[in-house]
2 protein chains.
Amino acid sequence: HVNSLEDFERVPVVTKAELRQSQADNEPFGDYLCVPESEVHHIHGTSGTTGRPTAFAIGRDDWQAIANNQARVMWGMGLRPGDIIFIGSVFSLYMGSWGTMIGSERLRAKCFPFGAGATGMTSRAALWMQLTKPKAFYGTPSYALHIAEIAQGEGIDPRDFGLELLFFSGEPGASIPSGKGRIEDLYAARVIDSGSMAEMTPWMNCAGTRETDGMLLWQDFVYTEVCDPKSFSRVGWGEQGTPVYTHLERTSQPMIRLLSGDLTHWTDGADNPCGRTYPRLPDGIYGRIDDMFTIRGENIYPSAIDGVLNELPGYGGEHRIIITRDGAMDELLVKMDALEDVYAQGEDALSELRGRAEKDLSIVLGVRARVEIAAAGEIPRTDFKARRVVDDRDLFKSLMSGGRET
Amino acid sequence: HVNSLEDFERVPVVTKAELRQSQADNEPFGDYLCVPESEVHHIHGTSGTTGRPTAFAIGRDDWQAIANNQARVMWGMGLRPGDIIFIGSVFSLYMGSWGTMIGSERLRAKCFPFGAGATGMTSRAALWMQLTKPKAFYGTPSYALHIAEIAQGEGIDPRDFGLELLFFSGEPGASIPSGKGRIEDLYAARVIDSGSMAEMTPWMNCAGTRETDGMLLWQDFVYTEVCDPKSFSRVGWGEQGTPVYTHLERTSQPMIRLLSGDLTHWTDGADNPCGRTYPRLPDGIYGRIDDMFTIRGENIYPSAIDGVLNELPGYGGEHRIIITRDGAMDELLVKMDALEDVYAQGEDALSELRGRAEKDLSIVLGVRARVEIAAAGEIPRTDFKARRVVDDRDLFKSLMSGGRET
């Protein structure tokens, strides 16, 4: 029997692998839909970078409850009825854009769901923000940097958009002082961090407010525990662990102790500047307990890249994954070796191998990957997966060197 | 005084140029918003291929009325509560995706707003349709052909998606027998045409039904007259003209006699197989009274291409616009000449000019354009704009040769 929050710590965690398995056994929504199929209102899903994607089926009532909760959090950010909220992130599987949209609608704001991702959209995003002067922008930190860069290249000062607020999810940038400061300076606007997991939508259950940096844990609609990554019992205030989430209002695909695998540290929130008494993640979510990394909002597992390359005729068996920042956008570079006889065939064969690898990777990962081919044996062998990943992004660099008070 | 539908013919038409001018004078929504600003629920807009884009501001009540009307039309197509409706078109400015989404929601269907346009999405669309087995697909005809091609390339038969229905807008293909037949064969599913103009949303006011080909004019929520392109009075049944639309339910940015500039012919609908008594466009909307053309759902005016090239240093002053079908997707090719001295500078200079032209065109047009550079004087001069456009698409070819009974 679970009679207290202390008992609740003994409830086993649910992993994303278990959700995938359940959906493979019970297509398409798994054995945990928990509402009649006729109540399913929207279908979304993960990008499926580890093979089988996970389908999200969200009930009609939940859609409304999600809108209510996101609107409440956005109110805490300082947004009000009538504000123009510009959504500059792709509308597809990814829940981020949709949650922001229905929250904006519920808030009685003017929702401008501009989207992202297709040809020429970045320049046009700048044009439309200049024209409509939104109060707030939602997207990823790296895309906000990219828009600013493109705008400046066209002689437009991003400050002219008149934004008061940019709120982000999908990347750790918005709680890292250097990344946050750079964006706040470019736009002369406040940056607020938000976001937990797509499975947990209303994903703004972790979100900052107008007055409070980092993220508050809005415990009354998603109960969050920061836990030891091995025992899954809660760590003390000030300590580091992985968030474990429990839906309090969802009835469709509700999650009880879903393991995020993210890394953070929490405080009791007694000193939150906004006066809210929620626990707080002062530095947001800044890492992983496994080897997943996030690039332009997509979760990528090195094992997925492994999988693609291993099916590629001509692959020599070793590779490195390098995450860089080309201008403002994260870029994924995969350096792979070729079989000796393929390499000996010269430029045409290598160019074909490169093209095939880039295409297959982009299909599976959902983000563009640049591939470089090395000679067989040029890349030193390693059996330790994590050593294959080199993360060269400024945001991560500054995070790794920045003084976190754990 | 307007006392009859006959009197109504004398009401002047509204043109898109007038809407643009009104918005330039009264930023951002023009002098015809007609509801308090606080009632604006969503902001969308045109892609602005002729310079200034037009902003759509849609009121909260209208959003609901639009959903009601679209749901009614989709019921007429044979869609029912609980059906999975897969939306494979980009969610951004373009109203098509949004109207289908809120219509699906209102119908109590399972809405799967997958989107389109970003890296790798086509393969994943095929994957998700295979996984979730939707009853219906919404998008453009050319994108449905493209998905089928990509799926087949990966060894997937599009018939395995189990679709019963594909409904389209944004291109003339769905009412042209050859294009329609090809898609119906590839998917073993029925194709239904729909769509008027984004300004007229609920744009499904022109739409076919489960039993009736072409498009019915759903006169009770948008009153449509097919008019003489010069006098703007109605043409007789069986005759060709341009649709002029009047909102009957919209309160935000309502349109009274908006001139579409499209080309169609209509019948009295007495013999509609479904028994509905609406007038009918037996061949859908198949052309323009001006020189606008549509490529992948974007409306393009040759004058916009003119404008971009004329601002390009190095442009020799003449060009041709060639619309081709590369595989299943429409492709826009612009062949332009270079100034003599630029051409003489050789490959590097030409490659730079080409890159710049492609970038500028994609920003203004919202679709990718491929540019070829010709030597100065190689392209014969013409002052007749229409001669600059060569439309080489199968759909158009079949349309132009196909026997329309006007």
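Scroll up for the structure.
Every chain begins its residue count from 1, and numbering advances along the sequence as written. Naming scheme: in the order in which they are written, chains are lettered from A and ligands are numbered from 1. In keeping with the predicted nature of the model, local features appear solely for residues at pLDDT of at least 70, side-chain atom pairs appear and are counted solely at 80 or more, and the whole-chain, interface and lining totals rest on all residues. To obtain the side-chain values, all non-hydrogen atoms of the structure were included, while hydrogens and water were left out.

Caption draft 1: A look at helix H10 (residues 347–365) of chain B. Secondary structure elements are taken from DSSP: a helix is a run of H or I of four residues or more, a strand is a run of E of two residues or more, and numbering for both begins at the N terminus. How far a helix is expected to stretch is found by multiplying one less than its residue total by 1.5 Å. Its 19 residues give H10(B) an end-to-end C-alpha distance of 26 Å, which sits within 8% of 27 Å, the value for a rise of 1.5 Å per residue. Where H10(B) is concerned, the buried positions are Ala349(B), Leu350(B), Leu353(B), Ala357(B), Asp360(B), Leu361(B), Ser362(B), Ile363(B) and Leu365(B). Residue contacts are defined here by distance: any two heavy atoms, one from each residue, within 4.5 Å place the two residues in contact. On its buried face, H10(B) is in contact with helix H5 (121–132) of chain A together with strand E17 (298–300), helix H8 (302–310), strand E19 (329–338), helix H9 (340–344) and strand E20 (369–374) of chain B. Just past H10(B), the residue Gly366(B) takes up positive phi, approximately 80°. Each residue's exposure class comes from its accessible area (1.4 Å probe, protein chains only) as a fraction of the maximum for that residue type: buried when under 20%, exposed when over 50%, partly exposed otherwise.

Caption draft 2: The arrangement of the environment of Arg234(B) in detail. Residues and elements named next belong to chain B. By the secondary structure assignment, Arg234 is in the loop between strand E10 (222–227) and strand E11 (240–247). Sequence-wise, Arg234 and Arg320 are 86 residues apart; in three dimensions their C-alpha atoms are separated by 36 Å. With residues up to four places along the chain from it excluded, the contact list for Arg234 reads Leu5, Glu6, Glu9, Tyr223, Glu225, Val226, Cys227 and Trp266. Two N or O atoms form a polar contact when they lie within 3.5 Å of each other; inside protein one atom must be a possible hydrogen donor and the other a possible acceptor, and for residues adjacent in sequence the pair counts only when both atoms belong to side chains. In this structure the side chain of Arg234 is engaged in a polar contact, spanning 3.5 Å, whose partner is the side chain of Glu6.

Caption draft 3: Layout of the interface of chain B and chain A. Residue-level contacts link 52 residues of chain B with 52 residues of chain A. Summed over both partners, the accessible area (1.4 Å probe) lost when two parts come together is defined as the buried area. For the pair chain B and chain A, the summed buried surface comes to about 4300 Å²; carbon and sulfur atoms form 61% of the total. Linking Arg108(A) and Glu39(B) is a salt bridge whose minimum nitrogen-to-oxygen distance equals 3.5 Å. Elements supplying a minimum of two residues to the side of chain B that touches chain A: strand E1 (40–45), helix H3 (60–76), helix H4 (95–106), strand E4 (110–113), helix H5 (121–132) and H10 of chain B. We count a salt bridge whenever a side-chain nitrogen from Lys or Arg sits within 4 Å of a carboxyl oxygen from Asp or Glu.

Caption draft 4: Main features of the nonpolar core. Residues belong to one nonpolar core when they are buried, are Ala, Val, Leu, Ile, Met, Phe, Trp, Tyr or Cys, and are joined through side-chain atoms within 4.5 Å. Counting residues in hydrophobic clusters, the biggest one holds 98 residues, and the most contacted among them are Met77(A), Trp98(A), Met101(A), Phe167(A), Trp98(B), Met101(B) and Phe167(B). Once you skip the residues sitting within four places of it in the chain, Met101(B) turns out to touch His42(A), Trp98(A), Met101(A), Ile87(B), Phe91(B), Cys111(B) and Pro113(B).

Caption draft 5: Examining unusual backbone geometry more closely. The amide bond that connects Glu27(B) to the next residue, Pro28(B), takes the cis arrangement and shows omega of -10°. Positionally, Pro28(B) belongs in the loop between helix H2 (16–25) and E1. Here the bond from Thr201(B) into Pro202(B) is cis, since omega is 15°, no more than 30 degrees from zero. Assignment of secondary structure puts Pro202(B) in the loop between strand E7 (190–193) and strand E8 (206–207). Phi is positive for Gln253(A), which is not a glycine, with a value near 45°. Its relative accessible area of 3% is what places Gln253(A) among the buried residues.

Caption draft 6: Here's a closer look at the pairing of strand E11 (residues 240–247) of chain A. Residues and elements named next belong to chain A. Across the 8 residues of E11, 7 count as buried, placing the element largely inside the fold. Bridge count for strand E10 (residues 222–227) against E11 is 6 bridges, and the pairing is antiparallel. Within E11, the residue paired with Cys227 across the bridge is Thr242. When DSSP locates at least two bridges between a pair of strands, those strands are taken to pair. Here E11 runs beside strand E13 (residues 262–265); their pairing, made up of 2 bridges, is antiparallel. By the bridge assignment for E13, Gln240 is matched with His265. In this sheet, strand E12 (residues 258–259) lies alongside E11 in antiparallel orientation, the contact comprising 2 bridges. Bridging from a neighbouring strand, Tyr245 pairs with Leu258 of E12.

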